Amino acid sequence: MYDVLVKNGKIVTADSVTDGNIAIKDGKIAAVLASGVEPEAAEVIDAKENYVFPGAIDTHAHLNDPGYEWREDYEHGTAAAAVGGYTTVIDMPLQNEPALTNAELFDKKADAVGHKAYVDYCFWGGLVPDNFDDLEGLQEKGCVAFKSFIGPVSPDYSSLSCGDGSHRRHH
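Quick caveat: nothing in here was measured; it's all calculated off a predicted structure.

Student: Looking at this structure, I do not really get unusual backbone geometry. What am I missing?
Tutor: The phi torsion of most residues other than glycine is negative, and most of the peptide bonds are trans. Here D65 and P66 are connected by a cis peptide whose omega angle stands at 5 degrees. Note on placement: P66 falls in the loop between β6 (56-61) and α1 (74-83). Note the cis peptide between E97 and P98, where omega equals -5 degrees. When you line up the elements, P98 lands in the loop between β7 (86-91) and α2 (103-113). The backbone of D26 sits at a positive phi, close to 55 degrees, despite the residue not being glycine. Tracing the backbone shows D26 in the loop between β2 (17-25) and β3 (28-34). With a relative accessible area of 64%, D26 lands in the exposed category. Positive phi values are uncommon outside glycine, yet K48 reaches one of about 55 degrees.

Structure (structure tokens):
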């Protein structure tokens, strides 16, 4: 038995739109079924021939939490994401206090926001001139990418520099 059956939907995938049903078990899609195949489920949702999209991923979210919650926080930002069909947000490292540039700050941020999130989330890590030795620790904690700038941004998020300019191509 499944937990949820979404029936009578127009299932949207990367390749097609197909009439059918979706069976869910333990919070995950367990089966995509042909129209009319309706296994037993604890809850049945009739999509009434509406489109059923996969969850979207916002790869560039600025949730500003912790530090600038008055701009945006995890509770409100992830609730808005869910309403818009986003099941995952990837939060940028800069607009936090402090910026997410080492494993200790990763843990503090995760502790501060985890209980507030309505959707799945992960973090970009900050890449600044003085944290190259911290990148491996950030990656091990779970940062999925690193953000850097080549122009001025803020006092706690220095831009990367190419030094003397010798990296430039000479024609």
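Student: What am I meant to see in the environment of I150 here?
Tutor: Mapped onto the elements of the fold, I150 is located in the segment after β9 (145-147). Considered as a pair, I150 and Y51 are 99 residues apart in the sequence and their alpha carbons are 42 Å apart. Setting aside residues up to four positions removed in sequence, I150 forms contacts with S159 and L160.

Student: Got a minute to help me understand the side chain of D91 in this structure?
Tutor: Here D91 lies in strand β7. Judged by relative accessible area, which is 0%, D91 ranks as buried. Polar side-chain contacts of D91 include one of 2.9 Å to the side chain of Y74. Only 2.9 Å separates the side chain of D91 from the side chain of K109, close enough to count as a polar contact. Once residues lying within four places of it in the same chain are set aside, the contact partners of D91 are A61, H62, L63, D65, Y74, N96, K109, C122, F123 and W124.

Student: Sorry, what's going on with the side chain of N131 here?
Tutor: Residue placement: N131 occurs in the loop between β8 (120-126) and α3 (135-141). Polar side-chain contacts of N131 include one of 2.9 Å to the backbone oxygen of T101. Setting aside chain neighbours within four positions, we find N131 in contact with T101, G126 and L138.

Student: So what exactly am I meant to see when it comes to the nonpolar core here?
Tutor: Soluble, globular proteins show a tendency: their nonpolar side chains are buried together. Ranked by internal contacts, the top residues of the largest apolar core, which has 15 residues, are V89, L100, F106, F123, L138 and C143. Broken down by secondary-structure element, the contributors of at least two residues to this core are α1, α2 and α3. Of all the elements, α2 adds the most residues to this core, at 3 residues.

Student: What exactly am I supposed to notice about the sheet that holds β6 here?
Tutor: Pairing between the strands of a sheet comes from backbone hydrogen bonds, and it takes one of two forms, parallel or antiparallel. Strand order in the open sheet made by the 4 strands is β6-β7-β8-β9, with parallel pairing throughout. With partners counted over all chains shown, the strands left at the sheet margins are β6 and β9, one partner each. Direction aside, neighbouring strands of the sheet carry axes that sit 30 degrees apart on average. Sheet topology places β8 next to β9; 3 bridges connect them, and they run parallel. Bridge pairing in β9 places G126 opposite K147. Helix-sheet contacts for α1 involve β7 and β8, and the interaxial angle to β7 is about 140 degrees.

Here is what the cut-offs are and how they apply
Residues numbered from 1 in each chain as written. Predicted model: local features only at pLDDT ≥ 70, side-chain atom pairs only at ≥ 80, totals over all residues. Heavy atoms only, no water. Helix = DSSP H or I, 4+ residues; strand = E, 2+ residues; numbered from the N terminus. Buried < 20%, exposed > 50% of the residue type's maximum accessible area, 1.4 Å probe, protein only. Contact = heavy atoms within 4.5 Å. Polar contact = N/O pair within 3.5 Å; in protein donor to acceptor, adjacent residues only side chain to side chain. Core = buried A, V, L, I, M, F, W, Y, C linked by side-chain atoms within 4.5 Å. Pairing = 2+ DSSP bridges. Axes fitted to C-alpha atoms, helices over the stretch in contact; angles between N-to-C directions.

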